[in-house]
Amino acid sequence: MTMRYRLPLYLTGAAAARIGDEMSGPALLLAGLAVTGSAATGSLLLSGIMISAAIGGPVLGALLDRTAVPGRLLTGALAGYAAVLIVVLLGLGRLPLPAVVAVAVLGGLLGPALAGGWTSQLARLVGPDRLPRATALDAMTYNLGSLAGPALAGAVALVAGATAGVITAAALILLALPAAWTLPTVPERRGPAPRTSVAADLAAGFLAIVRARFLARATVTSVISYVGVGILVTCTPLLGEKALGSTDSGAFLLATLAAASLAANALVAKRFDMLRPDTTVLVSTLVLAGALLLAAAASPIPLFTAMVLAGIGAGPQLTALFAVRHREAPERLRGQIFTTGASLKITGFAIGAGIGGPLATWSLSGSLIVAAGFEVLASAAFLAYTAAGSGRRPRPADTALPQGRETAVAPHGGADQSAQERGDHLGGR
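Caption draft 1: Geometry of the nonpolar core. Judged by nonpolar contacts, the single largest core of 57 residues is most densely connected at Tyr10, Leu78, Leu85 and Trp118. Among the elements that make up this core, the one with the highest residue count is helix H1 (residues 2-36) (12 residues). In contact with leucine 85, not counting residues within four places along its chain, are Ser24, Leu28, Ile49, Val166, Ala169, Ala170 and Ile173. Among the nonpolar cores identified, the runner-up in size contains 24 residues, and Leu232, Ala298, Leu303 and Ala372 belong to it.

Caption draft 2: Representation of the pattern of salt bridges in the model. Applying the stated criterion to the full structure yields 4 salt bridges. Of the charged contacts in the structure, one is a salt bridge between arginine 18 and aspartate 138, with a shortest N-O distance of 2.7 Å. One end of the pair, arginine 18, is in helix H1; the other, aspartate 138, is in helix H7 (residues 131-160), and 120 residues separate them in sequence. Both residues of the pair, arginine 18 and aspartate 138, count as buried. Among the salt bridges present, the one from aspartate 278 reaches arginine 217, with a minimum N-O distance of 3.1 Å. Placement of the pair is aspartate 278 in helix H13 (residues 277-295) and arginine 217 in helix H11 (residues 213-244), with a sequence separation of 61 residues. Taken as a pair, aspartate 278 and arginine 217 share a single burial class, namely buried. Look at the salt bridges and you will find they share partners, linking Arg217, Asp278, Arg327 and Glu328 into a network.

Caption draft 3: Highlighting the side chain of threonine 319. Looking at the element boundaries, threonine 319 is found in helix H14 (residues 300-328). With a relative accessible area of 1%, threonine 319 lands in the buried category. At 2.6 Å, the side chain of threonine 319 and the side chain of asparagine 265 are in polar contact.

Caption draft 4: Representation of the packing of helix H4 (residues 70-91) against helix H5 (residues 97-108). At their nearest, the axes of H4 and H5 sit 9 Å apart, and the two run at 170° to each other. Viewed along their axes, H4 and H5 adopt a mutual orientation that is roughly antiparallel. Listed contacts from H5 to Tyr81, Val84, Val87, Val88 and Gly91 of H4 are Val100, Val103, Ala104 and Gly107.

Caption draft 5: Quick peek at the packing of aromatic side chains. Following the criterion strictly, the structure yields 4 aromatic pairs and no others. Where tyrosine 142 meets phenylalanine 322, the ring centres are 5.3 Å apart and the plane angle is 50°; that geometry is what we call tilted. Pair noted here: tyrosine 142 is in helix H7 and phenylalanine 322 is in helix H14, with a separation of 180 residues, a long-range link. Look at phenylalanine 322 and phenylalanine 338: their rings are 6.3 Å apart centre to centre, the planes differ by 50°, and that puts the pair in the tilted class. With phenylalanine 322 in helix H14 and phenylalanine 338 in helix H15 (residues 334-362), the pair connects residues that are 16 residues apart, well separated along the chain. Phenylalanine 338 carries the same exposure label as phenylalanine 322, and that label is buried. Geometry around tryptophan 181 places arginine 72 over its ring, the cationic atom sitting 4.1 Å from the centre. A cation sits over an aromatic face here: lysine 345 above tyrosine 226, 3.9 Å from the ring centre.

Caption draft 6: Region of the structure containing the environment of leucine 215. Positionally, leucine 215 belongs in helix H11. Note: C-alpha distance between leucine 215 and aspartate 278 (63 residues apart in sequence) is 9.3 Å. Apart from the residues within four sequence positions on either side, leucine 215 is in contact with Ala208, Ile209, Val324, Arg325, Glu328 and Ile337.

Caption draft 7: Just the confidence of the model for the protein chain, in detail. When pLDDT is averaged along the protein chain, the result is 79; 84% of the residues meet or exceed 70. With pLDDT under 50 throughout, residues 1-5 is counted as low confidence; its partners more than four residues away or in other chains account for 3 contacts. Here residues 393-429 is modelled with pLDDT under 50, and outside its nearest four sequence neighbours on either side it reaches 83 contacts, counting other chains as well.

Caption draft 8: Spotlight on H15. Between its first and last C-alpha, H15 extends 42 Å over 29 residues, near the 42 Å set by a 1.5 Å rise per residue. In H15, a bend of some 35° at glycine 356 exceeds every other bend along the element, and proline 358, a proline, comes one to four places later.

What counts, and at which threshold
- Residues numbered from 1 in each chain as written.
- Predicted model: local features only at pLDDT ≥ 70, side-chain atom pairs only at ≥ 80, totals over all residues.
- Heavy atoms only, no water.
- Core = buried A, V, L, I, M, F, W, Y, C linked by side-chain atoms within 4.5 Å.
- Buried < 20%, exposed > 50% of the residue type's maximum accessible area, 1.4 Å probe, protein only.
- Helix = DSSP H or I, 4+ residues; strand = E, 2+ residues; numbered from the N terminus.
- Contact = heavy atoms within 4.5 Å.
- Salt bridge = Lys/Arg side-chain N within 4 Å of Asp/Glu carboxyl O.
- Polar contact = N/O pair within 3.5 Å; in protein donor to acceptor, adjacent residues only side chain to side chain.
- Axes fitted to C-alpha atoms, helices over the stretch in contact; angles between N-to-C directions.
- Parallel < 35°, antiparallel > 145°, perpendicular 65-115°, else oblique.
- Phe/Tyr/Trp six-rings, centres within 6.5 Å; stacked < 30°, edge-to-face > 60°.
- Lys NZ or Arg CZ within 6 Å of the ring centre and 35° of its normal.
- pLDDT = per-residue confidence, 0-100.
- Expected span 1.5 Å × (residues − 1).
- Bend = angle between axes of the 7 residues up to and from the residue.

In structure tokens, the structure reads:
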């Protein structure tokens, strides 16, 4: 009964936190413009709350891996992030802008708690046989957040004002606190403090990602891929204006992408036996490349078709990436690997968003072709990792997630086994 109860509670909390997270960015953009009259203010706030995630993610993950009560730490991180949103809102127009942006940067350190921090705990809630489907359902909460968050930010701003959007985002994140607080404890971590330092654990986490070929391959591929996704998102207002007549129509394009991602992951959750994680990472990235090339046409029918294809690629890519992390992460480093991976993806997206604006000013179609080039580069990186490992001893063929041993969560007794050794034991993908 505990297992049956915990997964719905987990999904409810994760969905609330992620909708609040996805809502917070657009809400900050709108609030910055409304309070100061400058669009640059909102852009600075959004950049500030994203850019520090690359530092905060690994540290938060290391702390999650060291504590016997990760749910309490996750609760504190969520509450802190919500509090930062309120402080930023209160500081706008009252404090110097650099001070407000500095608060946003501090809040960004906690941002990965809403992503990888949640997902790292999933394997403790379900058995190996239920993990593939639970992973797909977890990925759907990201898609739901991407779909509902921006739309909700716009709707609240329209009805109650831009500042109300930030308050609503913080409230949604706070709604997730009960689900985070009741996450299971890790009894074997009780007792004396770990002998290793946080710095040593951080080094071990990064080495685990680098040395585990399958994990490194999926991580590098997804980070490069998200540079292309960041460019696409930045271009959507201009795409909306060119193809549909208004910059506001860009929101419909993003909604189409998110809805397609949600539908694709719903299918994966229903037929999770069809998912071959490593193969899916590659195929979905190639689908994204094709979608971005199609979007470069910038006319209505090809553009909406491209957004549907992009969703079909992005949704399963996320599910497959989670599956690879669950399979390859050593138990004692699970939290750090998930939060570090989330931080790296956020960084990739931020790079894409940063270069997307100047590229779109130069050429809208050209920027989408460049974005497609990043997807091709991501696919090439995947194939390069595959070729680099082809000289090793033969491994079994790529098998569906629930059918092979790859679904097994490593026992605590195997925590000292490296991620690469686990990958060799489980077979090549």
